[in-house]
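# Notes for the structure review
Now for the letters of each chain:
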Amino acid sequence: MAKLIGGLGTSHVPSIAAALDKGLRHSDEWKPFFDGYVPAQEWVAAQKPDIAVVIFNDHGNAFFLDRVPTLALGVADSYAPIDEGWGPRAVPDFVGAADFAWHLADQMVERHFDPLICRELDVDHGLQVPMELVFGRPEVWPVKVVPILVNTIQYPIPTPQRMWDLGRTLRHAIESWPGDERVLVMGTGGLSHQLQGARAGYINPDEDRRWIADIGPAPQRYRDMSREDYVEVFGSEGAELIMWLVMRGCMDEKVNTLHRHYFAPASMTGAGMVLLENA
Ligand code: DHB
Ligand code: FE
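An account of the accompanying structure is given in this report. Owing to the predicted nature of the structure, the values given are computational and were not obtained by experimental measurement.

## Side note on the coordination of the iron ion (ligand 2)
- Those protein atoms acting as donors to the iron ion (ligand 2) are H12 (NE2), H59 (NE2) and E240 (OE), and they sit at 2.0 to 2.2 Å.
- Counting the intervening residues between successive donors of the iron ion (ligand 2) yields the motif H-x46-H-x180-E. Of the two residues, H59 sits in the loop between β2 (51-56) and β3 (71-74) while E240 sits in the loop between α9 (227-234) and α10 (242-250), which places them 181 residues apart along the sequence.
- For H59, a relative accessible area of 24% gives the class partly exposed.

## Looking at the sheet that holds strand β6 (residues 116-118)
- Spatial strand order, β6-β3-β8-β2-β9-β1-β11-β10: 8 strands in an open sheet with mixed pairing. Two strands in the sheet have a free side with no partner beyond their single neighbour: β6 and β10 (255-266). Put simply, the sheet's adjacent strands are angled 15 degrees from each other on average, direction ignored.
- Those strands touched by helix α4 (residues 98-110) are β2, β3, β6, β8 (144-150) and β9 (182-188), and its axis lies near 150 degrees from that of β3.

## Points about the packing of aromatic side chains
- For the structure on display, the rule yields 12 aromatic pairs.
- Measuring from centroid to centroid gives 4.9 Å for F94 and W141, while their planes differ by 20 degrees, and the two rings are stacked. Of this pair, F94 sits in strand β5 (residues 94-95) while W141 sits in the loop between α5 (125-135) and β8; the two residues are 47 residues apart in sequence, bridging distant segments of the chain.
- Owing to a relative accessible area of 0%, F94 belongs among the buried residues under this scheme.
- Seen from the ring of Y202, R199 lies directly overhead, with NZ or CZ sitting 4.2 Å from the centre.
- Across the ring face of W164, the terminal group of R223 is positioned such that the distance to the ring centre comes to 4.0 Å.

Thresholds applied
- Residues numbered from 1 in each chain as written.
- Chains lettered and ligands numbered in written order.
- Predicted model: local features only at pLDDT ≥ 70, side-chain atom pairs only at ≥ 80, totals over all residues.
- Heavy atoms only, no water.
- Donors = N, O, S within 2.8 Å, 3.2 Å for Na, K, Ca; no water.
- Helix = DSSP H or I, 4+ residues; strand = E, 2+ residues; numbered from the N terminus.
- Buried < 20%, exposed > 50% of the residue type's maximum accessible area, 1.4 Å probe, protein only.
- Pairing = 2+ DSSP bridges.
- Axes fitted to C-alpha atoms, helices over the stretch in contact; angles between N-to-C directions.
- Contact = heavy atoms within 4.5 Å.
- Phe/Tyr/Trp six-rings, centres within 6.5 Å; stacked < 30°, edge-to-face > 60°.
- Lys NZ or Arg CZ within 6 Å of the ring centre and 35° of its normal.

These figures capture arrangement, not role.
Below, the structure written as structure tokens:
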């Protein structure tokens, strides 16, 4: 059976990638943000995962608003990073874990989650940025990836409780895979931000800090919140945080929060991460 080694939640703000592209990793502005990820990077490297299951949303790059799947899953052998308008990025293609991904697809359908199954998929900053934050900028990625996409950009988005239940299903799927791969689950997006409408520029650092502190030990409040609560508290794009619930739902009830980090604002966004292991 494959082994779930831990769960990591992280922002995927595109300006993080832009900062790396421009060589600003150690600039006064960005150093405190990137430094906060180092302990988690070291923990993950020591754990030697084989596969990262990355829960993220596409932002109109792989799917446009004319066709938005509520849930999608990649079963490809590789995924190219999308150029989002600033030119091709110096990050290698992501290598897929196709057999394992087909098993996840099978187990999702068995348990009544019916994803769009993608044999071909390019991936935007929603996956690129978390991979760079965790694994740096290697010539070859040290893990294979399974991309799982959640619609968080066009209403109706799925409910928080449904995302938790998807996490339970993924846990079962991971542990019913006959291989001995070590699996890291990453939930991405957030933290608070709103990029549009009357509240454009809204962030909520107090609620972000509470999220970072509580998502490990006390996630019930976040399962109980409605989709509208997420928009109100975290902003319309901050509702991406429902994807961290997939990661949290994969984990045991009792977890240890190994590392946490918060930084605001990154671009117009509260940004940060949390790393959990089963207690
Ligand atoms: C921005 C975009 C995102 O997808 C996100 O999660 C946070 C911030 C942005 O464009 O600033
Ligand atoms: Fe986003």
